[in-house]
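Structure at a glance
In case you want the letters, here they are:
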Amino acid sequence: MPDVQETKILDARGLLCPMPVVKAAKEMRSLDDGDILKILATDRGSIADFPAWAEDTGNELLEWHEEGDGVLVFYMRKVEEED
Amino acid sequence: MIPQAVRAAAAAGAVILDMRPPKPFATEHVPGAVNFQFNRADLADRAELSLPTSATYIVHAEPEPIAKVAVDLLTKAGFTVAGYLEGGLKGWKATGFPTATLPLMNVDELKDGLDTFRVIDTREGFEFRYGHIPGSEVLEWTEPWDKFEGVDDQKPLALVCGDQVRSSFVASIMQRAGKDARLVFGGMVDWLERGYPVEKTPKVKQQT
Amino acid sequence: MIMKQFRHEPLAQASYLLGCPRAKEAVIVDPIEDLGTDFYVLEAADLGLSIVGVYETHVHADYVSCARELAEMNGVPHYLHESAQGLVTYDFTPIKDGETIEIGGIRLEAIHTPGHTPEHTSFLVTDTARSSDPWFVLTGDALFVGDVGRPDLLLGDQAVDVMDETARAETLYRSVTEKLFTLPDYVEVYPGHYGGSTCGGVNMSGKAVSTIAFEKQFNLAMRQPNAKAFGKFVHETAKPFPENFERIKSYNLGLISREELKGAGV
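As a starting point, this report considers the structure included with it.

The next subject is the overall build of chain B. A tally of regular secondary structure across chain B gives 10 helices and nine strands. A compact globule built from 208 residues would reach a C-alpha radius of gyration of about 17 Å, and chain B, at 17 Å, matches this within 12%. A principal-axis box enclosing the C-alpha atoms of chain B has dimensions of 50 × 40 × 30 Å. Buried positions account for 43% of the 208 residues belonging to chain B. Nonlocal contacts in chain B, meaning residues at least 24 apart in sequence, comprise 68% of its contacts between residues at least 6 apart.

So, about the overall build of chain A. The number of helices and strands found in chain A is two helices and four strands. When the helices and strands of chain A are read in sequence order from the N terminus, they spell out β-α-β-α-β-β. By the compact-globule yardstick of 12 Å for 83 residues, chain A fits well, its C-alpha radius of gyration being 12 Å. On the principal axes, the C-alpha backbone points of chain A span a range of 40 × 25 × 20 Å.

The biggest cluster of nonpolar side chains holds 148 residues, and the ones touching the most others in it are B:Val59, B:Ala70 and B:Leu159. When residues no more than four places from it in sequence are discounted, the contact partners of B:Ala70 are B:Met19, B:Phe38, B:Leu43, B:Val59 and B:Ala61.

All names here are of chain B. Spatially, E2-E1-E3-E4 is the arrangement adopted by the four strands of the open sheet, whose pairing is parallel. The sheet is open, and its two borders are formed by strand E2 (34-35) and strand E4 (80-84), each paired with just one other strand. Judged from the four bridges that link them, strand E1 (residues 15-18) and strand E3 (residues 56-60) form a sheet pairing that is parallel. Among the inter-strand pairings, Ile-16 is bridged to a residue of E3, identified as Ile-58. Sheet strands touched by helix H4 (residues 64-76): E3 and E4. Its angle to E4, the strand with the most contacts, is close to 170 degrees.

What follows concerns the interface of chain A and chain B. Of the residues lining the interface, 15 residues belong to chain A; the matching set on chain B comes to 15 residues. Residue assignment for the side of chain A that touches chain B shows that the elements contributing at least two residues are helix H1 (19-29) and helix H2 (46-57) of chain A. By residue number, the principal contributor to the side of chain A that touches chain B is H2(A), which donates six residues. When grouped by side-chain class, the residues that make up the side of chain A that touches chain B number eight nonpolar, three polar and four charged.

A separate point is the environment of C:Phe218. Considering the arrangement of structural elements, one finds C:Phe218 in helix H4 (residues 212-218). A C-alpha to C-alpha distance of 30 Å links C:Phe218 and C:Thr100, two positions 118 residues apart in sequence.

By convention, interface size is frequently given as the accessible area that disappears when the constituent parts associate. Contacts between chain C and chain B engage 10 residues on the former and 12 residues on the latter. If you list the elements that add at least two residues to the side of chain C that touches chain B, you get helix H1 (37-46) and helix H2 (67-74) of chain C. The element contributing the most residues to the side of chain C that touches chain B is H1(C), with five residues. Classifying every residue of the side of chain C that touches chain B gives four nonpolar, three polar and three charged.

Residue and element names in this part refer to chain C. Both strand E7 (residues 100-103) and strand E8 (residues 106-112) contribute to a ladder of four bridges, which runs antiparallel. Residue pairing for E8: Ile-103 is matched across the bridge by Ile-106. Hairpin connection from E7 to E8: two residues lie between these consecutive antiparallel strands, with Gly-104 at a positive phi of about 60 degrees.

Right, let's talk about the sheet that holds strand E1 (residues 2-8) of chain C for a bit. Residues and elements named next belong to chain C. Here we have six strands laid out as an open sheet, ordered E1-E2-E3-E4-E5-E6, and mixed in their pairing. The open sheet has two free edges, formed respectively by E1 and strand E6 (93-95), since each of these has just one partner strand. Taken pair by pair, the neighbouring strands of this sheet meet at an average axis angle of 25 degrees, ignoring direction. Here strand E3 (residues 25-29) runs beside strand E4 (residues 50-55); their pairing, made up of five bridges, is parallel. Residue Val-27 lies in a different strand from E4, and its bridge partner there is Gly-53. Packing against the sheet, H2 makes contact with E3, E4 and strand E5 (78-81), and its axis sits at approximately 150 degrees to E4.

Looking along the chain, the bond that leaves A:Cys17 and enters A:Pro18 is cis, with omega of 5 degrees. Inspection of the secondary structure assignment puts A:Pro18 in the loop between strand E1 (8-12) and H1. The omega torsion of the bond from B:Glu62 to B:Pro63 falls at -10 degrees, within 30 degrees of zero and hence cis. Its place among the elements puts B:Pro63 in the loop between E3 and H4. The residue C:Ala12 is not glycine, and still its phi comes out positive at about 45 degrees. A positive phi angle, near 60 degrees, is found at C:Lys24, a position not held by glycine. Relative to the assigned elements, C:Lys24 resides in the loop between strand E2 (13-20) and E3.

Procedures and definitions
- Residues numbered from 1 in each chain as written.
- Chains lettered and ligands numbered in written order.
- Predicted model: local features only at pLDDT ≥ 70, side-chain atom pairs only at ≥ 80, totals over all residues.
- Helix = DSSP H or I, 4+ residues; strand = E, 2+ residues; numbered from the N terminus.
- Rg over C-alpha atoms; globule rule 2.2 N^0.38 Å.
- Buried ≥ 20, exposed ≤ 12 C-beta atoms within 10 Å, placed from the backbone.
- Contact = placed C-beta atoms within 7 Å.
- Core = buried A, V, L, I, M, F, W, Y, C linked by C-beta atoms within 7 Å.
- Pairing = 2+ DSSP bridges.
- Axes fitted to C-alpha atoms, helices over the stretch in contact; angles between N-to-C directions.
- Nonpolar A, V, L, I, M, F, W, Y, C, P; charged D, E, K, R; others polar.

Pasting the structure below:
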C-alpha cells in the first residue's frame, strides 16, 4: 500500500469512459491545495486518461495500481495553479 | 411501442436512441437512430452531458430487459421518453421496414488514407491535447448537436475516440443529419498500439 | 478477458460471465433462475458486451436453471454435452469432448467429466490475448474446492438413470484423475458450488476458487487411495439431498413445465 492518505474517495466503478475523469474533475474542484483524491475505477481507459488529465490540469497523479478484482486505484493530489 | 408507432414518432421528430454496442449498431440499425451505449452506472450522467432535453426519445435496446431499464433511467433523469421498440430489430425488419448501416474502418485504413478524410476526435479536450492523430481536430461528444449536424463533410468524416463509444455517438448524429460519416473502430487504443504517430497540443491558458 | 463469478449465497452456487473486451462478446455459464435472465443480460450490457452463448456444465438437480430462457431471449445457442440428447426434451446445441469454441480472444475447450451426471462437462478456458496456455477450468459439479460433486443424485426420471451410485463414483474418480488432474498444476479451478451447497459433501470449502495443484494435494475425496475408497468416502461424507431435487431436475430436463414446478412449491 502506498503511504499516502486520501482526503476523499471517489467510487467510479462501473462508469464508462470518460466518466471517471469527468467525475474526478468535479470532485477535485471541491478540494483544497494539497488534498488527495483516491479514485476507484473499472474502465480501462482510465489508465490513459488520468495521466493525461493530470498533465493537462497541473494536478499530480501520485500513484496508481490495479487490484486483483480488476479495480484500478488512482491517487491524485490537487495542485492549485498560480496565476 | 410497435414498429409502426416508432416509425410514426420518429417521422414527427422523436429521436431513436440505439443503446446496443457500436459494432451491432454499425452493422444494422433503424434509420436515423443515434448510438448511445447502455450501462446502468452512468447512463443518466452521460445523458445529461450529451442529450438535448428538448427532444422526445425512443429507446432501442436488446434484449428487452435492457430497454425497460434504460427507459426508466432516462425518465428518472428528466428526459421525455415515449417508450421502446418492441421486438427489437427483428420485429422492425419483420414489419418490412428498411435498416441502415454506419460505415466502419480500422486504424490501418485511416493511416493509409489520412489525407482523404477529415478526422474528428470526439474525446475530452485534455485527452486530445495529450496525444491525437496528426491533422485531426477536436469536437467533444458533449458539444451541442447542431455542431455535429452542421459539420462540413466535403472530405468524408472519420470519427475517433478512445475506443468507439463516443465516436459512434457523434458519427450517428452526423449520419442522421445526412453527413458522410464513418466510424474508426478501435480508436486511439488501436492507433497507439500500432505505434502510429501522435501529436501533442500545449494547453492554452485561459484568461481569467 | 473479463471473467466475473456470481455467487448466489442461499444455494452456494456460482455462475460465470466470460467476456472478450475486444470482440465485445460474452458467454454465460450455469445461469441460475434465482438471479434470473435480466440479471445476466444487464451485467453483460453494463460491460458493453453482447451475450453470444449460454453454457451449462450439466443438467442441474439442486437449482432451477434459466439457461433455456436466457439463450432464447438473446437468440443464441444453449450448449450442453452431446450425451444430454435423449435425456432432455428440448433442443440445444451439442458439444463434444475436446471441442473448442472461440469467443473473441477467449478459447473454451469442452472436457467431458461424467460422474456427478453422465453429460457433465468442464470448460477449460484460455485467454489467447495473454498466452496459448490455459488459465482456468470451470469444473461445474465435478470438482469443488476440497470435495467433489456427489454421484448419488438420481434423476427425476428413473429410466434415464443409467448407472448405479458405485459405478458413477468410479466414473467421477476417473474423470477427475484422468482429465482434470492431468491439466497443468497452475490452472485455476472455478467450481459450480462452494461450501453450504448440498451438491457436495461436508468437506467443501467456502472458497470458490482453487488450483489444480492445491486440489491434488488437499482435496480430501481425491486423496483416497483408489476409486473404491473414493466412492465409500463420498457416500459417507454426503449431506442430505437437496430440497425438491427430483422436481427441479425434472424441470431442468424439460420433463415438467414451469407451472408444474411452481405447483410443487419450488
